[in-house]
Structure formats: C-alpha cells, structure tokens
Amino acid sequence: MDVNLVLRSTRVITPEGTRPASIAVSGGTIAAVLAYDAEVPAGARLEDVGDDVVLPGLVDTHVHVNDPGRTEWEGFWTATRAAAAGGITTLLDMPLNSVPPTTTVDNLRVKQEVARSKAHVDVGFWGGALPDNVKDLRPLHDAGVFGFKCFLSPSGVEEFPELDQERLATSLAEISGFGGLMIVHAEDPHHLAAAPQRSGGAYADFLASRPRDAENTAIENLINQARRLDARVHVLHLSSSDALAPIAAARAEGVKITVESCPHFLTLTAEEIPDGATEFKCCPPIREAVNQDALWQGLADGTIDCIVSDHSPSTADLKTPDFASAWGGISSLQLGLPAIWTEARRRGHTLEDVVRWMSEGPARLAGLSRKGAIEAGRDADFAVLAPDATFTVDPAELQHRNRITAYAGRTLSGAVTSTWLRGERIADHGTLAEPSGRLLERNN
C-alpha cells in the first residue's frame, strides 16, 4: 500500500493494549500499526501527537438528530459537528423525533438525502417498528438500516406509537426471521400508569413517576419474548440496576440480549439534581447514587455492553421548569468521552475500558466491522485525547444547536485535541473541517 499518513503517539490504544506506536494509513484505511520509531515511508506525512492518547474513533449508536421535521431541535450539520468535536467518528440516528420517522424505505431515503451533504462524521440509520408497519421491516432491513427501534410505552411523539406485547411479538418474529436486531425502550406502561403523577418542579416527584419496576418488568417481558422467539434484542439506555441480574442470567442461558447505558446515568445522580432543573430530565430517569454504583459494576463485569449518548435535545422553550411537562432528553453528544473518563478514572478504570465501552462495544452491536479498533484493515478513525487536561463545561462552546446541557459548569477531565475520519483530520482543537462523512448501511 502507498502510505500517505503516519500518526505517532507514545500512547496508542490497540486491541493488544496501550503502547507507543506509529499508525500507517493508506487510502483512509489503517495499513499497519508499527513500532513507535518506525521509519516514515517516502511521501507520507508524519503527525506526531506526543503523549496525547490515540483512541479508535468513538461509535455512538444512540443519537436523536431530529432532521428533517424538527431540525430546530438539532440537525445533521450541528449534531455531526458536535460528534466530531467530541471524538465520535460514527453515529447511528434514531428513527423518531424526525418527521417523517424512519419507518418506511421512502422515509429512510428522505432522511439520507437530508444528511448526505451535512455529515461531518459517518452516519447510519436505525429503522422503527410501529404497530402498523410490519410489512415495512424486511424492506428497511434490505435497504441497510442497522436494526429496529420500538417503544413499549408512549414515545412522547404521536407519529411513533408504542408496541403492546402482542405487536411486539409479531414484530420480533418478523425481524428474527431475517436475522435482524430489535432495540427496545423498555418501560412497562402499566407500571407507569400506576405510578404517582404530579406536576411541578420537584425532581423527587418525577423520579417516583418512572419507577424501577417499570424498567424491570418491561425487560423481563422482553427476555421472555426473545427466548420464545429466538430473537436478538438490545435494551436501550438502562437506568435500573435491578435489571442487571435478570439480563446476565438470560444471557448465560443463551438468550440473545445485549444492553447499553448512558453517560448521564453513570455520571449524574438524583441526589444532586435541583428542583426545576429539567435539563436533567430523561426517560427512564437519572436514579440514585447507589443505583449508579451498581451500573458501574455491570460495566466492570461485562453485563453492560456499551455506553452511548442517547443525545435527545430540544429547543429551550420545551425545557420548562415543570418536570411533568418538560421535554425529556439529555444533550451530551460532545461531552460523553470526558464525562465518562472523569468518572471512570475516579473509579479505577482505564482508557482501555472506555474504548471497550464507547468504541468497540457499539461497533460490535451495529456490526460495523471497520470501526471500533486500531488495527490493520479498519477505517483510520481516531480520537486524540489529552487525558489529564481539565475544562469547565461552557454551553456557549458546544456545537449542539441548542446548548442546554446537564453538564453546564461541571469540570471534566480529558480534552479531545483532534479527531480523524479515514485519515483526515476533521476536528482540531475545536476547529471543524468541512463535512466529509459518509452514509453507512448495514454490512457495508
């Protein structure tokens, strides 16, 4: 291969561990991971990042871009700029909050066309499973979506209704028949309906309205359905640590179930949320510190497969001080890596762990075989991190279209100094290049 770039660091995280290395890049692909002092091939450019750590570009499989239809909430231009600034080189867009939702092939094509010229990072798409679109699932699969999202309780937008248990079984049977993946917002509607519902600014009241039992029951039902139908399922944004033991037991008996959690569940706690601070509202909710400790144990023992953002922004007017009526979603796309690294290092974890959770794991979930690791044959996607640098989150410096964030004013460790997509630098100390991302399809 004709090597055109050599990226060198004293700390490169590879599948074999962290070591000094020179990464040779040819035509956007990693050609080889060489010794640190390897000779630079003739005609290749050397980029030496010193002691900054080179990670494989992060993969975020849970992003609500909201484009088209609710572009004032986010949009492909701003979302992918925020991703690039945060070390993310690949994201998968959720099928709802855009209008139209990604529930037919025609709707997928609309979304792809909107994204095509705006993507600063590589972008793929999830499809959606609705009560009335079983006939559309196989065509969407063939068109390249990475799987199908459903809700088991109301989604919050009328164009994306939830599945009851009967319709969940019907959709799962269809998807399992062609080897697809169902990703599930798992909260049981009956438990939610029975929980106390109070308006106002008290976070304790909101937390009581989304009890752990709602998650636990929904996940138990999902496990039963997946076992019966031999279906592959993935639990989205796990908040309740009570569900970890049933998930681990199901997996041990052969049920094909994986699970993710999110930076906000792993770095923020219910005890610290002020009343009226609806920038912290999400569903399921941020729970207590003891629950968070158990989630970290689930990461450590491998029950939780990956950490992804569930970036779900809105306009400022929808974040009213009333937790009952405010839009539920956390904006964190640009901040996930430093937020997780800050807490992970405090708990004794390494950057290799972070790579496993935020790059390798999501890439494996989506079947992105060219992403998620620094080794020959993979895309030359990198995040360069100064792990000891600290900064205080200033919303004005974020690339998100709406800069309301639960992390405002927090001091985090780990500054992304540059991000590389297929061997091209797309972010450099906060300066973004022109869009060069590609639209991805499953198995392509």
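These numbers come from a predicted model, not from an experiment.

Visitor: Just give me the short version of helix 3 (residues 134-142), but keep the residues and values in it.
Guide: Structural remark: α-helix, 3.6 residues per turn; residues separated by three or four positions point the same way. Looking at helix 3, one finds that the buried residues are Asp136, Leu137, Leu140 and His141. Taken around the axis of helix 3, the buried residues stretch over an arc of 140 degrees, which confines them to a single face. Along helix 3, the residues that are exposed and aim more than 90 degrees away from the buried face are Lys135 and Asp142. Those residues of helix 3 that are buried are in contact with helix 2 (105-116), strand 9 (127-128), strand 10 (148-151) and helix 4 (165-177). With its phi angle positive at about 110 degrees, Gly144 sits one or two positions after the end of helix 3.

Visitor: Break down the sheet that holds strand 7 (residues 88-93) for me, with residues and values.
Guide: Spatially, three strands are ordered 6-7-8 in an open sheet, and the strand pairing comes out parallel. Two strands in the sheet have a free side with no partner beyond their single neighbour: strand 6 (58-63) and strand 8 (122-125). Across the sheet, the mean angle separating the axes of adjacent strands is 20 degrees when strand polarity is ignored. Of the strand pairs in this sheet, strand 7 and strand 8 are connected by four bridges, and their pairing is parallel. Within strand 8, the residue paired with Thr90 across the bridge is Asp122. Along the sheet, helix 12 (residues 351-366) contacts strand 6 and strand 7; its crossing angle with strand 6, the most-contacted strand, is approximately 55 degrees.

Visitor: Quick rundown of empty space enclosed by the protein? Include the residues and the values.
Guide: One pass over the full model with this rule turns up three cavities of 30 Å³ or more. Along the walls of the largest cavity sit 13 residues, with Leu58, Asp60, Ile88, Gly336 and Met358 positioned nearest its centre. Contributing elements (two or more residues each) for the lining of the largest cavity: strand 6 and helix 11 (336-346). Top contributing element to the lining of the largest cavity by residue count: strand 6, with three residues. Counted by class, the lining of the largest cavity contains nine nonpolar, three polar and one charged residues. If you add up the space inside the second largest cavity, you get close to 50 Å³. Along the walls of the second largest cavity sit Glu279, Pro313, Ser314, Lys319, Gly329, Ser331, Asn402 and Ile404, which together make up its complete lining. Tallied by class, residues from the lining of the second largest cavity come to two nonpolar, four polar and two charged.

Visitor: Residue-level account of the nonpolar core, with values.
Guide: Judged by nonpolar contacts, the single largest core of 96 residues is most densely connected at Phe148, Met182, Leu238 and Ile286. Excluding residues within four positions of it along the chain, Ile286 makes contact with Tyr203, Leu207, His264, Phe265, Leu268, Thr269, Ala270, Ile273, Phe280 and Ile330. Counting residues in each nonpolar core, the second largest holds 20 residues, with Phe146, Phe151, Ala363 and Leu365 among its members.

Visitor: Explain the packing of aromatic side chains to me, and be specific about the residues and the numbers.
Guide: Following the criterion strictly, the structure yields eight aromatic pairs and no others. Between Phe148 and Phe178, the ring centres sit 6.1 Å apart and the planes meet at 65 degrees, which makes this aromatic pair edge-to-face. Taken as a pair, Phe148 in strand 10 and Phe178 in the loop between helix 4 and strand 11 (181-185) lie far apart in primary sequence, 30 residues in all. Each member of the pair, Phe148 as well as Phe178, carries the same accessibility label: buried. Centroid distance Tyr203 to Phe323: 5.3 Å. Interplanar angle 70 degrees. Geometry classified as edge-to-face. Separated by 120 residues along the polypeptide, Tyr203 in helix 6 (residues 203-209) and Phe323 in the loop between strand 14 (306-307) and helix 11 bring together distant segments of the chain. No difference in accessibility class separates Tyr203 from Phe323, as the two residues are buried. An aromatic cluster is present here, built from Tyr203, Phe206 and Phe323 joined pairwise through their rings. In this arrangement the basic side chain of Arg8 is found over the ring face of Tyr36, its NZ or CZ atom lying 5.5 Å from the centre. Over the ring of Trp73 we find Arg70; its NZ or CZ atom is 5.3 Å from the centre of that ring.

Calculation notes
- Residues numbered from 1 in each chain as written.
- Predicted model: local features only at pLDDT ≥ 70, side-chain atom pairs only at ≥ 80, totals over all residues.
- Heavy atoms only, no water.
- Buried < 20%, exposed > 50% of the residue type's maximum accessible area, 1.4 Å probe, protein only.
- Helix = DSSP H or I, 4+ residues; strand = E, 2+ residues; numbered from the N terminus.
- Arc of directions from axis to C-beta.
- Contact = heavy atoms within 4.5 Å.
- Pairing = 2+ DSSP bridges.
- Axes fitted to C-alpha atoms, helices over the stretch in contact; angles between N-to-C directions.
- 1 Å grid on protein atoms, 1.4 Å probe; cavity = no way out; pocket = protein on both sides within 12 Å on 5 of 7 lines; lining within 4 Å.
- Points joined across faces, edges and corners; volume = space filled by probe spheres on them.
- Nonpolar A, V, L, I, M, F, W, Y, C, P; charged D, E, K, R; others polar.
- Core = buried A, V, L, I, M, F, W, Y, C linked by side-chain atoms within 4.5 Å.
- Phe/Tyr/Trp six-rings, centres within 6.5 Å; stacked < 30°, edge-to-face > 60°.
- Lys NZ or Arg CZ within 6 Å of the ring centre and 35° of its normal.

Read these as geometric descriptors, not functional statements.
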